Structure formats: C-alpha cells, structure tokens
Amino acid sequence: MIGSYPNTRLRRPRAHAWSRAMHRETMLTPADLIWPLFVTSGQGVEEPIASLPGVSRWSVDGIVARAKEAIDLGIPCIALFPNTPSDQRSEDGAAAYDPDNLMCRAIRAVRDACGNDIGILTDVALDPYTTHGQDGLLDGRGYVSNDDTVAVLVDQALNQAEAGADIIAPSDMMDGRVRAIRMALEMGGHPNVQIMSYAAKYASAFYGPFRDAVGSGGLLKGDKKSYQMDPANGEEALREVALDIQEGADSVMVKPGLAYLDIVWRVKERFDVPVFAYQVSGEYALIEAGAAAGVGDRDALVMEKLVAFKRAGCTGVLTYYAADAARLLNG
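Residues numbered from 1 in each chain as written. Predicted model: local features only at pLDDT ≥ 70, side-chain atom pairs only at ≥ 80, totals over all residues. Heavy atoms only, no water.

**Observations regarding empty space enclosed by the protein**
Okay, so step 1: As enumerated under the stated definition, the model contains one cavity of 30 Å³ or more in all.
Okay, so step 2: Considering the residues around the largest cavity, the lining is formed by 15 residues, among which D127, K201, F210, K224 and K255 are closest to the centre.
Okay, so step 3: Listing elements by their share of the lining of the largest cavity, those giving two or more residues are β7 (194-201) and α6 (208-213).
Okay, so step 4: Across the lining of the largest cavity, the residue classes break down as six nonpolar, two polar and seven charged. (1 Å grid on protein atoms, 1.4 Å probe; cavity = no way out; pocket = protein on both sides within 12 Å on 5 of 7 lines; lining within 4 Å. Points joined across faces, edges and corners; volume = space filled by probe spheres on them. Helix = DSSP H or I, 4+ residues; strand = E, 2+ residues; numbered from the N terminus. Nonpolar A, V, L, I, M, F, W, Y, C, P; charged D, E, K, R; others polar.)

Following this line, the structure appears as structure tokens:
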C-alpha cells in the first residue's frame, strides 16, 4: 500500500548512486547478451557493413577471434549468420545443408578453438542461400511452399547440429517446423541441442541492414508477408508461441525488439518460458544515426534500450551492441 506525502517521499531512495543501485529492480549483465556475427569467405577478412556502422562481416578466423572476445567479456553465446557467395546460392538453397558451407566451417572452428566455453546459436532459414531471397522454397506461382520448405529446414538444422551448434534458431516462420526439427534432432542423436524458435517474427521495416549483411537484400523478390506476422497482430503472436512450445521449443524469440515489447511482456506473462528479443539491424542503425546527429549520448541510449528489454521480461537479448554493452557493464 502506498503512503502519503511527506511520510512517503519516493525521491528519498534516488538521492545517491549507492541507493539507486540498491533499489534497482531490473539488472542487466553480460550474461543477458547474445552477439550476432556475420560470416564471410576468405582468410583475414573484415568487411564493414555500410548500413550497420561499426558492424562487419568476418572470415572464419575473425569469427573465432570474436568468440574468444565474447568469452573474455562474459557474453555466453554468439549467433552466426552467413553471407553466402553468389555462386553458391541457388533457387532451392541447397548450400544450406552443405556440411562445408560457411556456417558449418565457422561452427567447427569456434568449437575447436573455444570448446564448450561459449554457446553457438545458428540461424535456420533459406534466405542466405537462395537466389530469390525468400526464406523457403517457391512453388510455380512464386508462393513460399510451407511443407516442402520444412523438409529442407530439417536437413539444414541437422547439418548445423552435426557441425557442433548448441542452439538451432529457426527464423523462417513456416508452420510445423519446430516439431519436425525437434523430432529430427532426437532421432539424429542430438537430444541436448536446443531450439530457440523465432516464434513471433513480424514482417517488419526494420530488417533492411541485416539483409544487406547477409547479401539477400538486393535479391529479394516480393515480400515476406505471407509467412511473417502482421505488425498489427498481438493475439496471433500468442498462438504462434503456444504452438512452438508444444512442438518442442526450449525458448522463444520476439523479433523485432523495441517496437514489440508489449508482445514480450504478454508472452512472458502467459507462458512463463524463456523469452528472447532481437534488437534488429534497423533499431541498431537508428541509434547510430541518432547519436551521430547529436540527439543523445550513444552509450546511454544503448544501455537504456537494453534495460528496457529486460524490464519487459526478456531472458536475454540478441544485439549488435553485445560487446560494447558488456564492456560498459564490466566497467
């Protein structure tokens, strides 16, 4: 029960830094962060991404170096996304289940260098591997075929698990893919490989720089509205999450992040499962642009937004700011 002024002065605990720290309700630590990293071909390669200032694609040796950096910073997990060379892309995305593709080489290299000191999360979807930029296989009308796509996603997931992935993260939004992947992992001898489902992934305008990073932006034919969610819908997100939990997801993701904190909150309140959010490329780019324009201090903007994710109920956050935030938190 709230008292009345002046017996109750809510400013009292705010008067000093030590008191503010003692009364802080939401705590953010490096262990709450997952660091998305982009893999490219070659050796000793760093390719800055123009639409993501401060973010680069790294060749496999660079990914290993970033993984070691993450361990030193206390970041528990990295998320890998490949920029597949154009000559290895195809209509059917067959490179997705090539055991020697960029993703698998990076997984094996990190595992060899770091052992089990860091988690490796891998994206399951076909857009980094197709010539048309869609997340699945197209039928004769150009529609993304659900069941045919799921069969390929299973092969992709098993390929990544065999290479040493710890968490399979299907981002494709096909119906039934979580159950199919879970069954395949169980039968394939990978019962401890987790599934973090992109359960509520919206057809958002905030994904542009990411598509540049994985090389699919200029290839995309049409849009993804027939499988990604309508930004106007909230109840539908709860149905998506419920299905993915029932099908075997160990954790779920809401994507994008900041514009969908209401969804994060509703999912956490309804299901009480581990909920992650992705602070996506467009959100990152807007912070960078705002800081460059002088609208606010970059570090303060970054940390305030990350705390907002935790306050809304996130177990953790996928963010390109993971290393920067961890350094700030480690002080």
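**Brief notes about helix α11 (residues 322-330)**
Okay, so step 1: A322, A323, A325 and A326 are the residues of α11 that are buried. Viewed along the axis of α11, the buried residues span an arc of 160°, placing them on a single side of the element.
Okay, so step 2: For α11, the secondary structure elements touched by its buried residues are β1 (33-39), α2 (60-73), α10 (298-312) and β10 (316-319).
Okay, so step 3: Where α11 terminates, the next one or two residues include G331, which has phi positive at roughly 55°. (Buried < 20%, exposed > 50% of the residue type's maximum accessible area, 1.4 Å probe, protein only. Arc of directions from axis to C-beta. Contact = heavy atoms within 4.5 Å.)

**Focus on the pattern of salt bridges**
Okay, so step 1: The tally for this structure, following the rule as stated, stands at 19 salt bridges.
Okay, so step 2: For D324, the salt bridge identified is with R327, shortest N-O distance 3.1 Å. Taken together, the residues span about one helical turn, with D324 and R327 both in helix α11 at a distance of three residues.
Okay, so step 3: Each of R66, E69, E288, R298, D299, D324 and R327 takes part in one network of salt bridges that share partners. (Salt bridge = Lys/Arg side-chain N within 4 Å of Asp/Glu carboxyl O.)

**Considering the layout of surface pockets**
Okay, so step 1: Here the largest pocket is characterised by a volume of approximately 300 Å³.
Okay, so step 2: When residues in the lining of the largest pocket are grouped by element, the largest group, three residues, is from α10.
Okay, so step 3: Looking at the second largest pocket, its volume works out to about 240 Å³.
Okay, so step 4: A per-element tally of the lining of the second largest pocket places β1 first, with four residues.
Okay, so step 5: Among the residues making up the lining of the second largest pocket, the classes are represented as 10 nonpolar, two polar and six charged.

**Re the packing of aromatic side chains**
Okay, so step 1: Scanning the model with the defined rule gives nine aromatic pairs in all.
Okay, so step 2: Ring geometry for F81 against Y278: centres 6.3 Å apart, planes inclined by 45°, an arrangement best described as tilted. Highlighted residues: F81 in strand β4 (residues 77-82) and Y278 in strand β9 (residues 275-279), separated in sequence by 197 residues.
Okay, so step 3: Of the residues examined, F81 reaches a relative accessible area of 1% and is grouped as buried. (Phe/Tyr/Trp six-rings, centres within 6.5 Å; stacked < 30°, edge-to-face > 60°.)

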